Amino acid sequence: MRRQCHDVKSWGDLGRESGTSIAAPRISAAAACLAAKPNASPKNIYQALQQQANDLGEVGKDAVFGHGVID
């Protein structure tokens, strides 16, 4: 099952978004939270994001879902 995020459109309607357009801001926000921790490094942030991803689709990284979704 593919997860979708709800998003408030600029004209006020609640819509559904999926794909990289909604994934990029979510993963950026998660990375920013991790970067705020003491002694954060790019490698540590990358590893933490990979560990926290819920795998979707085929096992492991795939062309449709990448590494999965961050909750």
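Residues numbered from 1 in each chain as written. Predicted model: local features only at pLDDT ≥ 70, side-chain atom pairs only at ≥ 80, totals over all residues. Heavy atoms only, no water.

**Student:** Explain unusual backbone geometry residue by residue, including any values.
**Tutor:** A negative phi angle is the norm for most residues apart from glycine, just as the trans form is the norm for most peptide bonds. Unlike most non-glycine residues, Asn39 shows phi in positive territory, near 60 degrees. Within the secondary structure layout, Asn39 lies in the loop between helix H1 (20-35) and helix H2 (42-52). Residue classification places Asn39 among the exposed residues on the basis of a relative accessible area of 75%. (Helix = DSSP H or I, 4+ residues; strand = E, 2+ residues; numbered from the N terminus. Buried < 20%, exposed > 50% of the residue type's maximum accessible area, 1.4 Å probe, protein only.)

**Student:** Lay out the nonpolar core with the relevant residues and their values.
**Tutor:** The nonpolar side chains of soluble globular proteins are, as a tendency, buried together. Formed by Ala30, Ile45, Leu49, Ala53 and Ile70, the largest nonpolar core amounts to five residues. When residues no more than four places from it in sequence are discounted, the contact partners of Ala53 are His67, Val69 and Ile70. (Core = buried A, V, L, I, M, F, W, Y, C linked by side-chain atoms within 4.5 Å. Contact = heavy atoms within 4.5 Å.)

**Student:** Hey, could you go over the side chain of Asp62 for me, with residue numbers and the actual values?
**Tutor:** By the element assignment, Asp62 lies in the loop between strand E3 (53-54) and strand E4 (69-70). Judged by its relative accessible area of 12%, Asp62 is buried. Excluding its chain neighbours within four sequence positions, the residues that come into contact with Asp62 are Leu56 and Gly57.

**Student:** Account for the environment of Ile45, naming residues and giving values.
**Tutor:** With respect to the helices and strands, the residue Ile45 is situated in helix H2. Classification of Ile45 by relative accessible area gives buried; the value is 15%. When the C-alpha atoms of Ile45 and Ala32 are compared, they prove to be 9.0 Å apart, with 13 residues separating the residues in sequence. Not counting the four nearest positions on each side in its chain, Ile45 is found in contact with Ala31, Leu34, Ala35 and Ala40.

**Student:** So, the packing of H1 against H2: which residues are in play, and what are the values?
**Tutor:** The N-to-C vectors of H1 and H2 enclose an angle of 125 degrees; their axes lie 10 Å apart at closest approach. On the basis of the axis angle, H1 is oblique to H2. Where H1 crosses over H2, the handedness of that crossing is right-handed. Taking contact as the criterion, the partners of Ile27, Ala30, Ala31, Leu34 and Ala35 in H1 are, on H2, Ile45, Ala48 and Leu49. Among the residues forming the contact of H1 with H2, the class breakdown is eight nonpolar, no polar and no charged. (Axes fitted to C-alpha atoms, helices over the stretch in contact; angles between N-to-C directions. Parallel < 35°, antiparallel > 145°, perpendicular 65-115°, else oblique. Left-handed = near helix turned anticlockwise from the far one by under 90°. Nonpolar A, V, L, I, M, F, W, Y, C, P; charged D, E, K, R; others polar.)

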